[in-house]
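Observations on the three-dimensional arrangement
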Amino acid sequence: METIRSNTTVKVYKASFLWELERYSVHDTKGDHVKSPLFSSEACDQFKWYMKLYPNSKNNTAENITVFLFLDASSQYKSVFARSKLHIMDKDRYKAYSKVSSVHEYTANPVHGHQHPRGWIEFIKRDQLLNAYYLPNDKLTLCCEVSFFHVSDDLLENMCDQHDTFLLQSHTSKYDLSKDFRSLLENQQFADIVVSINGKNYPVHKAILAARSPVFAAMFQHDMLENEHNRIVLMDVEERIVEEMLRYIYTGSCENIKSLADGLLTVADKYDLEGLKVICQDALIENLSVENATEILVLADLHRADELKSKALNYIVSKSSKVMKSSGWKRMAPSNPQLIMEVSEALSKALHREKKSHCHSSKRIKLTTRARDLSDDSSRFIRFYTAPVPVSIRNTPASLDINPININR
């Protein structure tokens, strides 16, 4: 039987669009959706995109801001696969808040007169967005980055004409592979090593563990007890965490990520499972709240989860007066003086940007008073909770003044 081999290259294009909404408070009050101008990629202008923003959410609640991305009907091709990133930009055009979508198919032809929306129903909480940090001079600045590719009908026809055995299996192949590897884990066929936790054994396969984790690969390449006895004993971890980690290693997906994200982040860091680490960070970012923000910050710092740490810091800054009254803050402060200093420095920078952005505004007096009140409130809580911490003022960075902290600097 003849073996047929072929390679198909699909070019990925990128489009970036900066959308500035002046007088955002007017849009927020009206509640009507706002449509952006069309935008496209300089390298491929056959695809036209636009966004719709719903200030009071499209799911009939006023708690969230909804943003959708659409492929315009004027596009040359009516179907494309794309992944998008949406950022809120601060006054200095830095990314202050971000969301990333999965890869979706976008169609320019409405089905029954209605286009299926792709985007974020809960992009950001409304009260969080209305913080002056995200709306300098009452202006919302969004940056949308779209990575997309298109497989033309001609290309598909040519491929099929050349090889009558050719099958387009992008989604099906991925599903079958995941399904087959899951079956391999559950059936334990050809397992050659055991993962043991609290007396419970999980027969697994060295080759798969080594392919997915550099830590396991190194373990099996050297004269270690695990390799010699074909047994990996895990300590200080729950069985359900181990089961979810093995499910990810075999299938690339997780079923209980929302409830186990913190524990999975720990094992993902320990065994260098970068993909799982990204999934955990995304889940924890989605779940940020006043009560858990400080705990997530500590977790992110401990496991070198830089994106999660940045998002947690931004969240704490945006809701500083509430977070610093929370039980989570009280638990964190005595044992994490370095993180307290990082929070105070981030808060100081945010207040400085806010005051600077409004220095020429007609609302200058009102906003300066608000910043001063927030500063006083934050200083009071930071000073109170860092009092028992054995921090040497002599070794404190010059930009920070611990006792008391000068937030206005």
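Residues numbered from 1 in each chain as written. Predicted model: local features only at pLDDT ≥ 70, side-chain atom pairs only at ≥ 80, totals over all residues. Heavy atoms only, no water.

Comments concerning helix 9 (residues 257-270)
The sharpest bend along helix 9 reaches about 50° and sits at G263. The complete set of buried residues in helix 9 reads I257, L260, A261, L264, L265, V267, A268 and D269. Packing partners of the buried residues in helix 9 comprise helix 8 (239-251), helix 10 (274-286), helix 11 (293-302) and helix 12 (306-318). One or two residues past the end of helix 9 sits D272, with phi positive at roughly 55°. (Bend = angle between axes of the 7 residues up to and from the residue. Helix = DSSP H or I, 4+ residues; strand = E, 2+ residues; numbered from the N terminus. Buried < 20%, exposed > 50% of the residue type's maximum accessible area, 1.4 Å probe, protein only. Contact = heavy atoms within 4.5 Å.)

Description of the pattern of salt bridges
For the coordinates displayed, the defined rule picks out 19 salt bridges. The salt bridge partner of K99 is E286, with a shortest N-O separation of 3.4 Å. Of this pair, K99 sits in strand 6 (residues 95-100) while E286 is found in helix 10, placing the two residues 187 residues apart along the sequence. Owing to a relative accessible area of 8%, K99 belongs among the buried residues under this scheme. You can call E286 exposed: its relative accessible area is 53%. The residue E295 makes a salt bridge to R331 at a minimum N-O spacing of 2.3 Å. Remark: R331 occurs in helix 14 (residues 327-332) and E295 occurs in helix 11; sequence separation between them is 36 residues. Through salt bridges with shared partners, one network takes in R182, E186, E244, R247 and E255. (Salt bridge = Lys/Arg side-chain N within 4 Å of Asp/Glu carboxyl O.)

As for the side chain of T294
Take T294: it is sitting in helix 11. Judged by its relative accessible area of 1%, T294 falls in the buried class. Excluding its chain neighbours within four sequence positions, the residues that come into contact with T294 are I316, V323, G328, W329 and M332.

Some words on the packing of aromatic side chains
What the rule picks out here adds up to 14 aromatic pairs. In this structure an aromatic cluster arises from ring pairing among Y13, F47, W49, Y106 and F148. Lying over the aromatic face of F220, K206 brings its terminal NZ or CZ to 5.8 Å of the ring centre. (Phe/Tyr/Trp six-rings, centres within 6.5 Å; stacked < 30°, edge-to-face > 60°. Lys NZ or Arg CZ within 6 Å of the ring centre and 35° of its normal.)

A look at the nonpolar core
Membership of the largest hydrophobic core comes to 96 residues, with the highest contact counts inside it found for W49 and I249. Residue contacts for I249: discarding those within four places in its chain leaves I208, L209, R212, F216 and L273. (Core = buried A, V, L, I, M, F, W, Y, C linked by side-chain atoms within 4.5 Å.)

Thoughts on the packing of helix 8 against helix 9
Taken N-terminus to C-terminus, the directions of helix 8 and helix 9 make an angle of 70°; their axes are 10 Å apart at the nearest point. Classified by the interaxial angle, the pair formed by helix 8 and helix 9 is roughly perpendicular. Considering how the two elements wind past one another, helix 8 and helix 9 form a crossing that is right-handed. Contacts between helix 8 and helix 9 involve R240, I241, E244 and M245 on the former and, on the latter, L260, G263, L264 and V267. Class assignment of the residues belonging to the contact of helix 8 with helix 9 gives a composition of five nonpolar, one polar and two charged. (Axes fitted to C-alpha atoms, helices over the stretch in contact; angles between N-to-C directions. Parallel < 35°, antiparallel > 145°, perpendicular 65-115°, else oblique. Left-handed = near helix turned anticlockwise from the far one by under 90°. Nonpolar A, V, L, I, M, F, W, Y, C, P; charged D, E, K, R; others polar.)

Overview of the side chain of S196
Its place among the elements puts S196 in strand 10 (residues 193-197). Side chain to side chain, S196 and N201 meet in a polar contact 3.2 Å long. Other than its neighbours up to four places away in sequence, S196 contacts N201, R231, I232, V233 and L234. (Polar contact = N/O pair within 3.5 Å; in protein donor to acceptor, adjacent residues only side chain to side chain.)

Describing the confidence of the model for the protein
Interpreting fine coordinate detail is not advised for predicted regions of low pLDDT. Of the residues in the protein, 73% reach a pLDDT of 70 or more, and the chain-wide mean stands at 77. The element-level mean pLDDT for the protein is lowest in helix 16 (residues 364-386), coming to 42, with helix 11 highest at 94. Under a pLDDT of 50 for its full length, residues 159-174 has, in the predicted model, nine contacts with residues more than four places off or in other chains. Between residues 360-409, whose pLDDT stays under 50, and residues either more than four places distant or in other chains, the model counts 67 contacts. (pLDDT = per-residue confidence, 0-100.)

Section: helix 11
Within the span of helix 11, buried status applies to A293, T294, I296, L297, L299 and A300. The positive-phi residue at the C-terminal boundary of helix 11 is R304, with phi of around 55°.

Regarding the environment of F148
Residue placement: F148 occurs in strand 9 (residues 140-149). Judged by relative accessible area, F148 falls into the buried class, the value being 0%. Taking the C-alpha atoms as reference points, F148 and K14, separated by 134 residues in sequence, lie 6.4 Å from one another. Setting aside anything within four residues of it in sequence, one finds F148 in contact with K11, V12, Y13, K14, A15, S41, C44, F47, W49, V80, F81 and A82.

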